[in-house]
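Here are the chains, one letter per residue:
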Amino acid sequence: QVQLVESGGGLVQAGGSLRLSCAASGSIFRLNAMGWYRQAPGKQRELVADITSGGSTNYADSVKGRFTISRDKAKITVYLLMNSLKPEDTAVYYCNARIDHSLKIKGMDHWGKGTLVTVSS
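Notes on the structure in this doc start here. Since the structure is predicted, the reported quantities are computational estimates derived from the model, not experimental observations.

1. Considerations on the state of the cysteines
Applying the stated criterion to the full structure yields one disulfide. Note that Cys22 is cross-linked by a disulfide to Cys95, the S-S spacing being 2.0 Å. Between Cys22 and Cys95, the disulfide has an S-S torsion of -85 degrees and is therefore left-handed. Of this pair, Cys22 sits in strand 3 (residues 18-26) while Cys95 is found in strand 9 (residues 91-100), placing the two residues 73 residues apart along the sequence. Across the pair, exposure class does not vary: Cys22 and Cys95 are buried alike.

Given below as structure tokens:
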């Protein structure tokens, strides 16, 4: 079993900042990557940013230059610093972790329950 516990969502005015956190725990043989996805009402879930075990990062074009993903390997925690927030960033943000549970069970995706970010204009 793997648990992903998210925190940091809330209501913020346009131009403001929020920092999301996601802590992973449980049966983790190897953590391949962690990231953040979001889903706005009526839209599909989309990748916001992710970071690999080697530290490589990837961002959606819509958040480049505004959002920064980082991690604390010792705490198995990933962060998403969101600056210059826009109303269109309003969504439920989900933490994702891709985990190897053993040498045979690899690349399993796990999801947090989501945290709501609301940006008012």
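Moving on, there is more to tell.
2. Some thoughts on the pattern of salt bridges
All told, the structure shown has five salt bridges when counted by the stated rule. A salt bridge links Glu46 to Arg38; its shortest N-O distance comes to 2.8 Å. When salt bridges with common partners are traced through the structure, they connect Arg38, Glu46, Arg66 and Asp89 into a single cluster.

3. Thoughts on the nonpolar core
Counting residues in each nonpolar core, the largest one holds 29 residues, and the members touching the most others are Trp36, Leu80, Met82 and Tyr93. Where this core is concerned, the elements lending two or more residues are strand 1 (2-7), strand 3, strand 4 (30-39), strand 5 (46-52), strand 7 (67-72), strand 8 (77-82), strand 9 and strand 11 (115-120). With five residues, the single largest contributor to this core is strand 9. Once residues within four sequence positions are removed from consideration, Tyr93 is found in contact with Glu6, Leu20, Trp36, Tyr37, Arg38, Val48, Phe67, Leu80, Met82, Gly114, Thr115 and Val117.

4. Topic: the side chain of Arg66
Positionally, Arg66 belongs in the loop between strand 6 (57-59) and strand 7. In this structure Arg66 comes out as buried when scored by relative accessible area, which is 11%. Of the polar contacts made by the side chain of Arg66, one reaches the backbone oxygen of Ser62; its length is 2.9 Å. Within the local environment of Arg66, its side chain forms a polar contact with the side chain of Asp89, the two groups lying 2.7 Å apart. Sequence-distant contacts of Arg66, that is, excluding residues within four places in its chain, are made with Leu81, Met82, Asn83, Ser84, Leu85, Lys86 and Asp89.

5. Here we look at the environment of Leu85
Inspection of the secondary structure puts Leu85 in the loop between strand 8 and strand 9. Take Leu85: its relative accessible area is 2%, and that puts it in the buried class. Along the sequence, Leu85 and Leu116 sit 31 residues apart, while their C-alpha atoms lie 14 Å from each other. Contacts of Leu85, omitting those with residues within four sequence positions, involve Val12, Ala14, Gly15, Gly16, Ser17, Leu18, Arg66, Phe67 and Val119.

What counts and how
Residues numbered from 1 in each chain as written. Predicted model: local features only at pLDDT ≥ 70, side-chain atom pairs only at ≥ 80, totals over all residues. Heavy atoms only, no water. Disulfide = S-S within 2.5 Å. Helix = DSSP H or I, 4+ residues; strand = E, 2+ residues; numbered from the N terminus. Buried < 20%, exposed > 50% of the residue type's maximum accessible area, 1.4 Å probe, protein only. Salt bridge = Lys/Arg side-chain N within 4 Å of Asp/Glu carboxyl O. Core = buried A, V, L, I, M, F, W, Y, C linked by side-chain atoms within 4.5 Å. Contact = heavy atoms within 4.5 Å. Polar contact = N/O pair within 3.5 Å; in protein donor to acceptor, adjacent residues only side chain to side chain.

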